[in-house]
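The primary structure of each chain is shown beneath.
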Amino acid sequence: RLRQSLAGTRLDAGGVSFQVTVSVGVATSDDAGHVLEALMAAADVTLYQAKDAGRNRVEPHGRRTDALAA
């Protein structure tokens, strides 16, 4: 919902209007382990996968879930 809400937002800065989009990489300790660095690295990898897949999307790490893939 956050991604969708931001995607519909237009901003104006210095006379230029633009639209904001958000790509998010999601990782859980179930998939990436309980070490913070490993969890952040997994989320970072999925962030770049989201951008590579077309941007403005949420990409879950590891197994896909219906709630995150929407």
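Since we're looking at a predicted model, the values are computed, not measured. (Residues numbered from 1 in each chain as written. Predicted model: local features only at pLDDT ≥ 70, side-chain atom pairs only at ≥ 80, totals over all residues. Heavy atoms only, no water.)

1. Structural notes on the overall build of the chain
We count it as follows: Working definition: helices are DSSP H or I runs of at least four residues, strands are E runs of at least two. Numbering for both runs from the N terminus. Relative accessibility under 20% of the residue-type maximum defines a buried residue, over 50% an exposed one, and the middle range a partly exposed one, all with a 1.4 Å probe and only protein chains included.
Regarding its fold elements, the chain presents 4 helices and 4 strands. Reading the secondary structure of the chain in the N-to-C direction produces α-β-β-β-α-α-β-α. The proportion of buried residues among the 70 residues of the chain is 17%.

2. Brief notes about the confidence of the model for the chain
Rules: In predicted models, pLDDT denotes the confidence assigned by the predictor to each residue on a 0 to 100 scale. We call two residues in contact when some of their heavy atoms are within 4.5 Å.
Averaged over all residues, the pLDDT of the chain equals 84, while 89% of them reach at least 70. Per-residue pLDDT stays below 50 along residues 64–70; that stretch engages in 6 contacts with residues further than four places along the chain or on separate chains.

3. Topic: a nonpolar patch on the surface
Heads up, the rule is: Residues with no salt bridge and a relative accessible area higher than 30% make up the patches, which join like charges within 9 Å and nonpolar side chains (Val, Leu, Ile, Met, Phe, Trp, Tyr) within 5 Å. Only the protein chains shown count as covering a residue, and every accessible area follows the Shrake-Rupley method with a 1.4 Å probe. Take a side-chain nitrogen of Lys or Arg and a carboxyl oxygen of Asp or Glu: if they are within 4 Å of each other, that pair is a salt bridge.
Taken together, the side chains of Leu11, Val16 and Phe18 present a nonpolar region at the surface, about 240 Å² in accessible area. With respect to the helices, strands and loops of the structure, Leu11 is situated in strand 1 (residues 10–13).

4. Let's talk about the environment of Arg57
Which entries qualify depends on this criterion: Polar contact is defined as a pair of N or O atoms within 3.5 Å, subject to the rule that within protein one atom must be able to donate a hydrogen and the other to accept it, and that residues adjacent in sequence are counted only when both atoms are side-chain atoms.
With respect to the secondary-structure elements, Arg57 resides in the loop between helix 3 (36–52) and strand 4 (58–60). Arg57 sits 32 residues away from Gly25 along the chain, and the two C-alpha atoms are 8.7 Å apart. Polar side-chain contacts of Arg57 include one of 3.3 Å to the side chain of Glu59.

5. Description of the side chain of Ser23
Locating Ser23 in the fold gives a position in the loop between strand 2 (16–19) and strand 3 (24–26). At a separation of 3.0 Å, a polar atom in the side chain of Ser23 contacts the main-chain amide nitrogen of Asn56. Setting aside residues no more than four positions away along its own chain, Ser23 makes contact with Leu47, Ala50, Lys51, Arg55, Asn56 and Arg57.

6. As for the environment of Arg10
By the element assignment, Arg10 lies in strand 1. Taking the C-alpha atoms as reference, Arg10 lies 6.6 Å from Val20; in sequence the two are 10 residues apart. In this structure, Arg10 is in contact with Ser17, Phe18 and Gln19, ignoring residues within four places of it in sequence. A polar contact of 3.4 Å, which involves the side chain of Arg10, links it to the side chain of Ser17.

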